[in-house]
Amino acid sequence: MSTELNLAAIIYDSDDQPVDALLHALAASLSRRGDRVAGLAMVLNEQGLRRKPMALQDLETGQEYSIAQNLGKASQSCCLDPHGLAEATVVLRALLAHPPRLAVVNRFGHQEIDGKGCRAEFLQLLDAGIPVLTVVKRKFLKQWREFGGGEAVELPFSEVAVLQWCDGVLKR
């Protein structure tokens, strides 16, 4: 990884916090002012919460990638479709050839903790010197801290705080 780890996560507590709406709003705001922000964020419903069934959206093109599998109404299992998630990561890998000012990776969660999901793309983006912003559920903070080697920034669920971190990174 680069000498300065430009990696931050918005820490959230529950799925009813509109953390994905914050990622979308931030990306749109920074892009409007001329800073290219690219990557993946959850597709939102009308309330600004994660849409069900789950899907990821390319922040630049709007293309959606389904990451949910139908396990039936009685299922208690996680409905995440790892194949759909793998298909979506092509968006993140493409950023290596045409780097944005800031990359958004939808989450650091179970899949990334297990060495799957977007974990390889997190590392590739950071190795390329591209700042990365994501979201992490509070229950995964220990694993997040291990992943970031104690150097990753933990941001509160606050548009002001997240924008301050982005502004600092984009000025470098």
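As shown above, the structure is provided for reference.
Residues numbered from 1 in each chain as written. Predicted model: local features only at pLDDT ≥ 70, side-chain atom pairs only at ≥ 80, totals over all residues. Heavy atoms only, no water.

Chemist: What is the right way to read helix α4 (residues 119-127) from this model?
Modeler: For an α-helix, the turn length of 3.6 residues means that residues three or four places apart are oriented alike. Taken together, the buried positions of α4 are Glu-121, Phe-122, Leu-125 and Leu-126. Angularly, the buried residues of α4 cover 130° about the axis, an arc narrow enough to put them on a single face. Summarising the contacts, the buried residues of α4 are in contact with β1 (7-12), α2 (82-94), β5 (102-104), α3 (110-113), β6 (132-137) and α5 (141-147). Positioned one or two residues after α4, Gly-129 has a phi angle of 80°, which is positive. (Buried < 20%, exposed > 50% of the residue type's maximum accessible area, 1.4 Å probe, protein only. Helix = DSSP H or I, 4+ residues; strand = E, 2+ residues; numbered from the N terminus. Arc of directions from axis to C-beta. Contact = heavy atoms within 4.5 Å.)

Chemist: Would you mind going over the pairing of β6 with me for this structure?
Modeler: Most of β6 sits inside the fold, with six of its six residues counted as buried. Side chains Val-132, Thr-134 and Val-136 project from β6 onto one buried face, and the interleaved Leu-133, Val-135 and Lys-137 project onto a second face that is buried too. Pairing geometry for β1 and β6, over six bridges, is parallel. Along β6, the bridge assignment pairs Ala-9 with Thr-134. (Pairing = 2+ DSSP bridges.)

Chemist: Please clarify how the pattern of salt bridges should be interpreted in this entry.
Modeler: Considering all chains together, one arrives at ten salt bridges under this definition. Residue Arg-33 is joined to Asp-35 by a salt bridge in which the shortest nitrogen-to-oxygen separation is 2.8 Å. Note on Arg-33: relative accessible area 44%, which makes it partly exposed. Note on Asp-35: relative accessible area 12%, which makes it buried. (Salt bridge = Lys/Arg side-chain N within 4 Å of Asp/Glu carboxyl O.)

Chemist: I would appreciate a short explanation of the pairing of β1 in the present structure.
Modeler: Across a regular strand the side chains alternate sides, sitting on one face of the sheet and then on the other. For β1, a buried count of six out of six residues is recorded, marking the element as mostly surrounded by other parts of the structure. Burial of β1 is two-sided: the residues Leu-7, Ala-9 and Ile-11 facing one way and the residues Ala-8, Ile-10 and Tyr-12 facing the other way are all buried. Note that β1 and strand β7 (residues 153-155) share three bridges and pair parallel. Looking at β7, one finds that Ile-10 is bridged to Leu-155.

Chemist: When you look at the sheet that holds β1 in this model, what are you seeing that I'm missing?
Modeler: The strands making up a sheet associate through hydrogen bonds between their backbones, and the pairing can be parallel or antiparallel. Read from one edge to the other, the open sheet built from seven strands follows the order β4-β3-β2-β5-β6-β1-β7, with strand pairing classed as mixed. Edge positions in the sheet fall to β4 (64-66) and β7, since each of these pairs with one other strand and no more. Ignoring which end each strand starts from, the neighbouring axes of this sheet average 25° apart. Sheet topology places β5 next to β6; two bridges connect them, and they run parallel. (Axes fitted to C-alpha atoms, helices over the stretch in contact; angles between N-to-C directions.)

Chemist: I tried to follow the nonpolar core on my own but got confused; where do I start?
Modeler: Looking at soluble globular proteins, one finds that nonpolar side chains tend to be buried together. Leu-7, Phe-122, Val-132 and Trp-144 are the most contacted members of the largest nonpolar core, which has 32 residues in total. Taken together, the elements giving at least two residues each to this core come down to β1, β2 (37-42), α2, α4, β6 and α5. When residues in this core are grouped by element, the largest group, four residues, is from α2. Among residues more than four places away in sequence, those in contact with Phe-122 are Leu-7, Val-105, Arg-107, Phe-108, Glu-112, Val-132, Thr-134 and Phe-147. Of all hydrophobic cores here, the second largest spans 21 residues; its members include Tyr-12, Val-104, Leu-155 and Trp-165. (Core = buried A, V, L, I, M, F, W, Y, C linked by side-chain atoms within 4.5 Å.)

Chemist: For this particular structure, what's the right way to read the packing of helix α1 (residues 19-32) against helix α6 (residues 159-170)?
Modeler: Axis angle and axis distance: for two packed helices, these are the angle between their axes and the distance between the axes, and together they describe the pair. In the contact formed by α1 and α6, the axes pass within 11 Å of each other and the chain directions differ by 45°. The angle between α1 and α6 falls in the class oblique. For the crossing formed where α1 meets α6, the hand is right-handed. Along its contact with α1, which presents Leu-22, Leu-26 and Leu-30, the element α6 presents Glu-159, Val-162, Leu-163, Cys-166, Asp-167 and Leu-170. (Parallel < 35°, antiparallel > 145°, perpendicular 65-115°, else oblique. Left-handed = near helix turned anticlockwise from the far one by under 90°.)

Chemist: Explain α1 to me, please; I cannot follow it from the model alone.
Modeler: Taking 1.5 Å per residue, 14 residues should reach 20 Å; α1 reaches 20 Å between its end C-alpha atoms and fits that length. Among the residues of α1, Val-19, Asp-20, Leu-22, Leu-23, His-24, Leu-26, Ala-27 and Leu-30 are the ones counted as buried. Structurally, α1 contributes buried residues whose contacts are with β1, β2, β3 (55-58), β5, β6 and α6. In the segment just after α1, Gly-34 is the residue with positive phi, at about 105°. (Expected span 1.5 Å × (residues − 1).)

What is shown is where atoms sit, not what they do.
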